[in-house]
Amino acid sequence: MIQLSYISTARQPVEPDLVERILAASRRNNPRAGLTGLLLFNGRRFLQVIEGEAEAVRATYQRIAADPRHFAMVRLGEREIESRDFGDWDMAYREIAEGGDLAALAEKMTGSASATVRALFTSYAAI
Ligand SMILES: Cc1cc2nc3c(=O)[nH]c(=O)nc-3n(C[C@H](O)[C@H](O)[C@H](O)COP(=O)(O)O)c2cc1C
């Protein structure tokens, strides 16, 4: 399995039900593809982590990359994993307030967040 993460910027103005639509698509498609993950959104930028078999992760990433509702996608990393950090969620979602303690959130969401995931959350807080 691999875990892939990226950040992107939502096209403005953000449609009010954007996140609901994304999560509906994730619930529809991710279980079938064996994918789990996390989506963070602060009203402007997304951070997404997608985990599963490499082929399925990359195919979904390609589809997401072609989505006109966001742009300026930057892949943060892709790594081999033995176990999932977000195994309980088709796509976990949190809305992030400015100045929130993301390291603590990472810990809370994953039980014992891997150093990689903690670092991801922390760097997202800094942008
Ligand atoms: C930030 C962002 C994250 C997304 N994450 C997912 C995802 O995890 N799974 C998924 O199937 N679609 C995701 N989408 C939606 C896809 O881009 C695409 O619209 C959707 O997969 C199409 O699904 P459908 O053919 O079932 O309508 C995401 C879109 C955005 C903008």
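Only a predicted model underlies this, so the values are computations on that prediction, with no experimental measurement involved. (Residues numbered from 1 in each chain as written. Predicted model: local features only at pLDDT ≥ 70, side-chain atom pairs only at ≥ 80, totals over all residues. Heavy atoms only, no water.)

Draft legend 1. Spatial organisation of the site of the ligand. Taken together, 16 residues form the shell around the ligand, and within it Arg28, Asn29, Asn30, Arg63 and Asp67 come nearest. Within the side chain of Arg28, a nitrogen or oxygen atom sits 2.9 Å from an oxygen atom of the ligand. Measuring from an oxygen atom of the ligand, one finds a side-chain N or O atom of Asn29 at 3.0 Å. For the shell around the ligand, the elements supplying multiple residues, two or more each, are α1 (18-33), β3 (45-52) and α2 (54-65). Of the residues in the shell around the ligand, the class split is 6 nonpolar, 6 polar and 4 charged. (Near = heavy atom within 4 Å. Polar contact = N/O pair within 3.5 Å; in protein donor to acceptor, adjacent residues only side chain to side chain. Helix = DSSP H or I, 4+ residues; strand = E, 2+ residues; numbered from the N terminus. Nonpolar A, V, L, I, M, F, W, Y, C, P; charged D, E, K, R; others polar.)

Draft legend 2. How the structure looks around the nonpolar core. Among the nonpolar cores identified, the biggest contains 13 residues, and Leu38, Leu40, Leu47, Phe86, Phe121 and Tyr124 are the most heavily contacted of them. Of all the secondary structure elements, the ones that give two or more residues to this core are β2 (36-41), β3 and α4 (115-126). Sorting elements by how many residues they give to this core places α4 first, with 4 residues. Formed by 10 residues, the second largest nonpolar core is a distinct cluster that contains Ala10, Val19, Ile22 and Met91. (Core = buried A, V, L, I, M, F, W, Y, C linked by side-chain atoms within 4.5 Å. Buried < 20%, exposed > 50% of the residue type's maximum accessible area, 1.4 Å probe, protein only.)

Draft legend 3. View of the sheet that holds strand β5 (residues 92-95). In spatial order, the strands read β4-β1-β3-β2-β5; together these 5 strands make up an open sheet with mixed pairing. Lying at the two open borders of the sheet, with one neighbouring strand each, are β4 (70-80) and β5. Mean inter-strand twist for the sheet, computed between neighbouring axes without regard to direction, equals 15°. Here strand β1 (residues 2-10) pairs with β4 via 8 bridges, running antiparallel. (Pairing = 2+ DSSP bridges. Axes fitted to C-alpha atoms, helices over the stretch in contact; angles between N-to-C directions.)

Draft legend 4. A look at unusual backbone geometry. Backbone torsion omega between Gln12 and Pro13 reads -5°, so that peptide bond is classified as cis. Looking at where Pro13 falls in the secondary structure, it is placed in the loop between β1 and α1. Residue Ala72 is not a glycine yet carries a positive backbone phi of 50°. By the secondary structure assignment, Ala72 is in strand β4.

Nothing here speaks to function; it is all geometry.
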